[in-house]
Amino acid sequence: MVDRSLTIKELTDAVGCGISPRMVRHYHQLGLLPQPARSSGNYRLYSQRDVQRLQRIVALKQQGFQLSHIHKLLESEPETDTAGTLMVQLQQQYRSIIQQIAHLRQTASALEGLLGRDQQCQHVQAEAIAQLKLLEVETQTRLDGLEQLWGGLDAAVHAHPEAFQESLERLLPDLSDRSEIEVDLLSKLVLACGDVSLVPFVKVGKGAIAASRNALKAGCRIVADVPIVHAALDHTRLAHLGCTTETLVDDCHITSAAEAEQAFWQHSEWKARLCDLPDGCIMVVGYAPSVLFAVCEAIATQQLRPALVIGMPIGFSHAPAAKRQLMQVGMQGGVPFITLEGTIGGGLLATVALNAIAASLLEKPDCHCYLSKA
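Here the structure is a predicted model, which means the values were calculated and not measured.

Draft legend 1. Here's a closer look at unusual backbone geometry. The phi angle at Cys17 is positive, at roughly 60 degrees, despite the residue not being glycine. Topologically, Cys17 is positioned in the loop between helix H1 (8–15) and helix H2 (21–30). On the basis of relative accessibility, which here comes to 56%, the residue Cys17 falls in the exposed class. A positive phi angle is found at Gln302, which is not glycine, with a value near 60 degrees. For Gln302, a relative accessible area of 55% gives the class exposed.

Quick look at the structure:
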């Protein structure tokens, strides 16, 4: 049986995901999609093979691949020698993207240096903007114009301490759709790393704020993956709430993510301890991806029933995969989670997340803003 040919509208309807006929025509121009057959009336006709290829393009694009990368991936044949060449090409493009990120980071830092000024520095901010307007002319003969500008701005910071909250209000994206508790959480995560671009990568699972506050109110057990993460917990506030804390991989010699990963792999008793943890505990994973994988597996097999999992391990391949699995298990099994997409993470950010929720609970025990916006 021969598959029926599809029109361009039927093609986009079959693929979905917001794909439009205009985008399909653009992909033809880029060579991502082969030129289709034509009807007697000169209309484009597509096959199921075209549907599958467009679905692959959409899937790769959603994963963050640029169109140029997608073109190379789709055209390469893994079983031939071109696979090695493709890896070299992708590595070169990756380095180019890192350079672009560095340049954008420099631009963002310059803008933050202006926009992040608190009220006491606003007169300096206005003066700096006025000077920037002159730099286009001045820098033709005076290359030190920018250094003098930032020198003047930096001199003003000695007059008073930095007003962090005021700066954040100027720099954070629109968070009007988030609850007060979640905004506080995001703000503290940004302050912990000094990177406002972190916000879109923070994923707070449905009901995570409510579940964590209820567990902390009940004096739950807090379990950190390694000692260095355990040490960064706010033990004073947690003790005030009646919570106990412990370390899963209890080896005081572990000081890095690599050591934590190896220790968890080499000693099976750490994985076995997961199954002995009580229901309603809070897991804080900030170093080892393998610990988060094991947590997800224990949840999927109903050997572990935590009230919340904060999963922010470090790594470039396993960590992003472990976080994706946490979000999948969390959504399927109804387990609340807080995580950071991609490679971003670390013990400091993981503990800041829990400490922020504990602090908000003590400061605003009767606040229920998160129930209406979660």
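Draft legend 2. Local environment of the environment of Leu73. Its location among the elements puts Leu73 in helix H4 (residues 67–75). Spatially, the C-alpha atoms of Leu73 and Met87 are 9.6 Å apart, while their sequence positions differ by 14 residues.

Draft legend 3. Quick peek at the layout of surface pockets. Approximately 1500 Å³ is the volume attributed to the largest pocket. Lining the largest pocket are 33 residues, and of these Gln63, Gly64, Tyr94, Ile101 and Thr343 lie nearest its centre. Mapped onto the lining of the largest pocket, the elements with two or more residues apiece are helix H5 (82–115) and helix H16 (318–333). Taken together, the residues that form the lining of the largest pocket break down as 17 nonpolar, ten polar and six charged.

Draft legend 4. Broad picture of the pairing of strand S8 (residues 337–340). Here S8 shows two buried faces, one formed by Phe337 and Thr339 and the other by Ile338 and Leu340. Looking at chain direction, strand S3 (residues 202–204) and S8 are connected through three bridges and run antiparallel. Across the sheet, residue Val204 finds its bridge partner in S8, namely Ile338. Relative to S8, strand S7 (residues 308–311) runs parallel, the two sharing three bridges.

Draft legend 5. Focus on the nonpolar core. In terms of nonpolar packing, the biggest core is built from 77 residues, with Leu216, Ile222, Val249, Ile282 and Ile310 touching the most fellow members. Here this core takes nine residues from helix H17 (residues 347–363), the largest share from any one element. Ranked by size, the runner-up nonpolar core spans 16 residues in total, among them Ile8, Val15, Tyr27 and Leu54.

Draft legend 6. Quick look at the side chain of Thr351. With respect to the element layout, Thr351 can be found in helix H17. With sequence-adjacent residues up to four places away left out, Thr351 is seen in contact with Val229, Ala232, Leu233 and Val284.

Draft legend 7. Representation of H16. With 16 residues, H16 ought to run about 22 Å at 1.5 Å a step, and its terminal C-alpha atoms sit 22 Å apart, in line with that. At the exit of H16 stands Gly334, carrying a positive phi of roughly 70 degrees.

Draft legend 8. Focus on the sheet that holds S8. Pairing in this open sheet of six strands is mixed, and the strands run S3-S8-S7-S6-S4-S5 from one edge to the other. What marks the edges here is a single partner per strand, and that holds for S3 and strand S5 (244–247). Taken over all neighbouring pairs, the strand axes of this sheet differ in orientation by 15 degrees on average, direction set aside. Running over the sheet, helix H10 (residues 208–217) touches S3, strand S4 (221–224), strand S6 (282–285), S7 and S8 and is turned about 115 degrees from S6.

Draft legend 9. Geometry of the confidence of the model for the protein. Scored by pLDDT, the protein comes out at a mean of 85, with 83% of its residues at no less than 70. In this model residues 137–141 is a low-confidence stretch, pLDDT under 50, and it forms zero contacts with partners more than four residues away in sequence or in other chains.

Draft legend 10. How the structure looks around a nonpolar patch on the surface. Residues Tyr94, Ile98 and Ile101 make up a contiguous nonpolar surface patch of about 300 Å² in total accessible area. Here Ile101 is to be found in helix H5.

Draft legend 11. Focus on the environment of Lys217. Of note, Lys217 is situated in helix H10. For the pair Lys217 and Leu362, spaced 145 residues apart in sequence, the C-alpha to C-alpha distance is 9.4 Å. Residue contacts for Lys217: discarding those within four places in its chain leaves Leu241, Leu361 and Pro365.

Criteria and thresholds
- Residues numbered from 1 in each chain as written.
- Predicted model: local features only at pLDDT ≥ 70, side-chain atom pairs only at ≥ 80, totals over all residues.
- Heavy atoms only, no water.
- Helix = DSSP H or I, 4+ residues; strand = E, 2+ residues; numbered from the N terminus.
- Buried < 20%, exposed > 50% of the residue type's maximum accessible area, 1.4 Å probe, protein only.
- 1 Å grid on protein atoms, 1.4 Å probe; cavity = no way out; pocket = protein on both sides within 12 Å on 5 of 7 lines; lining within 4 Å.
- Points joined across faces, edges and corners; volume = space filled by probe spheres on them.
- Nonpolar A, V, L, I, M, F, W, Y, C, P; charged D, E, K, R; others polar.
- Pairing = 2+ DSSP bridges.
- Core = buried A, V, L, I, M, F, W, Y, C linked by side-chain atoms within 4.5 Å.
- Contact = heavy atoms within 4.5 Å.
- Expected span 1.5 Å × (residues − 1).
- Axes fitted to C-alpha atoms, helices over the stretch in contact; angles between N-to-C directions.
- pLDDT = per-residue confidence, 0-100.
- Patch = residues over 30% accessible without salt bridge, like charges linked within 9 Å, V, L, I, M, F, W, Y side chains within 5 Å.
- Areas by Shrake-Rupley, 256 points an atom, 1.4 Å probe, with all protein chains shown as cover.
- Salt bridge = Lys/Arg side-chain N within 4 Å of Asp/Glu carboxyl O.

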